[in-house]
Amino acid sequence: MACPLEQALAVMVSTFHKYSGKEGDKYKLSKAELKELLTKELPVFGSKQMDEAEFKRLVNDLDHNKDSEVDFKEYACFLACVAMGFNEFFKDGPAKQPRKK
């Protein structure tokens, strides 16, 4: 049986490929594919939370090679940044606050 971190990596990869290639290159996410992935798999970044201008800014920031698509490396960098943000948020969470007497 795979360890939790191995399972997490497998989910990261399989989620990318679940959405990539529905239109065009099967190894890249188009803007529409990325929007669908975010809406369904990471709703905190989905279309209900982000207007079109913010989404365009996100795509521009993710698309390092400026080919108007997000490849796996760009997607993995995005998830790493999200994970770092979650780490910052949770590191000073309830466990680190002083106990009530």
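Residues numbered from 1 in each chain as written. Predicted model: local features only at pLDDT ≥ 70, side-chain atom pairs only at ≥ 80, totals over all residues. Heavy atoms only, no water.

Chemist: I tried to follow helix α2 (residues 31–41) on my own but got confused; where do I start?
Modeler: One turn of the α-helix equals 3.6 residues, which is why residues spaced by three or four share an orientation. Among all positions in α2, only Glu33, Leu34, Leu37 and Leu38 are buried. Take α2 and look down its axis: the buried residues cluster within an arc of 130°, on one side only. At its buried positions, α2 is contacted by α1 (4–19), β1 (28–29), α3 (52–62), β2 (70–71) and α4 (72–91). (Buried < 20%, exposed > 50% of the residue type's maximum accessible area, 1.4 Å probe, protein only. Helix = DSSP H or I, 4+ residues; strand = E, 2+ residues; numbered from the N terminus. Arc of directions from axis to C-beta. Contact = heavy atoms within 4.5 Å.)

Chemist: What is the right way to read the packing of α1 against α2 from this model?
Modeler: Helix packing for two helices is described by the angle between their axes and how far apart those axes are. Contact pair α1 / α2: the axes reach a minimum separation of 9 Å and the direction vectors enclose 130°. Here α2 runs oblique to α1, going by the angle between their axes. Handedness of the α1/α2 crossing: right-handed. Contacts from Thr15, Phe16, Lys18 and Tyr19 of α1 reach α2 at Glu33, Glu36, Leu37, Lys40 and Glu41. Here the residues of the contact of α1 with α2 sort into 3 nonpolar, 1 polar and 5 charged. (Axes fitted to C-alpha atoms, helices over the stretch in contact; angles between N-to-C directions. Parallel < 35°, antiparallel > 145°, perpendicular 65-115°, else oblique. Left-handed = near helix turned anticlockwise from the far one by under 90°. Nonpolar A, V, L, I, M, F, W, Y, C, P; charged D, E, K, R; others polar.)

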